[in-house]
Amino acid sequence: MAFLVVVHNIFIRLPRIPEQKRPWQALGDLRIKRDWHFILAIRIAFMLLVFILPPNLFFYAKVFVCTEFSLGEGGSVSYLAADLTVECDTPEHDSMKAFAIANLIA
């Protein structure tokens, strides 16, 4: 929320000079007033891409990684890295992989 307030103060509440672009400004003031909904959608999409998607993608990518543990007598067992209660190459692991693929596509 504080990020939105800072962005609002920087981009919206600055004193405006009518019909004149500032050197750092790509769009003029009249265009900003006309296209505010488009600019807001771009800001929301940027925040979605930067703050929300990477943690979700990180979790779904961990569904495909298995961690192998040694049992001592030459045997080993592998568990899912995202959830150590799920053994790899089981029907439960296959259903989790299908769920992760569906979420990555959607």
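These numbers come from a predicted model, not from an experiment.

A.B. asks: Would you mind going over the pattern of salt bridges with me for this structure?
C.D. replies: Pairing between side chains of opposite charge can happen when their charged atoms approach one another. As enumerated under the stated definition, the model contains 1 salt bridge in all. The salt bridge involving Asp-94 is made with Lys-97; its shortest N-O contact spans 3.8 Å. Of this pair, Asp-94 and Lys-97 both sit in helix α4 (residues 91–105), 3 residues apart, which is roughly one turn of the helix.

A.B. asks: Any chance you could explain a nonpolar patch on the surface here in plain terms?
C.D. replies: Where nonpolar side chains cluster on the molecular surface, the patch consists of Phe-46, Leu-48, Leu-49, Val-50, Phe-51, Ile-52, Leu-53, Leu-57, Phe-64, Ile-101, Leu-104 and Ile-105 and spans about 1,100 Å² of accessible area. Where the nonpolar patch is concerned, the elements lending two or more residues are α3 (36–62) and α4. For the nonpolar patch, the element with the most residues is α3, which contributes 8 residues. You can see Val-50 is positioned in helix α3.

A.B. asks: How should the state of the cysteines be read in this particular structure?
C.D. replies: Between two cysteines, a covalent bond joining their sulfur atoms is known as a disulfide. Under the counting rule described, the total for this entry stands at 1 disulfide. What pairs with Cys-66 in a disulfide is Cys-88, and their sulfur atoms sit 1.9 Å apart. With the S-S bond torsion at -115°, the cross-link from Cys-66 to Cys-88 turns out left-handed. You can see Cys-66 sitting in strand β1 (residues 66–70) and its partner Cys-88 sitting in the loop between β2 (76–80) and α4, a full 22 residues away along the chain.

Rules of the game
Residues numbered from 1 in each chain as written. Predicted model: local features only at pLDDT ≥ 70, side-chain atom pairs only at ≥ 80, totals over all residues. Heavy atoms only, no water. Salt bridge = Lys/Arg side-chain N within 4 Å of Asp/Glu carboxyl O. Helix = DSSP H or I, 4+ residues; strand = E, 2+ residues; numbered from the N terminus. Patch = residues over 30% accessible without salt bridge, like charges linked within 9 Å, V, L, I, M, F, W, Y side chains within 5 Å. Areas by Shrake-Rupley, 256 points an atom, 1.4 Å probe, with all protein chains shown as cover. Disulfide = S-S within 2.5 Å.

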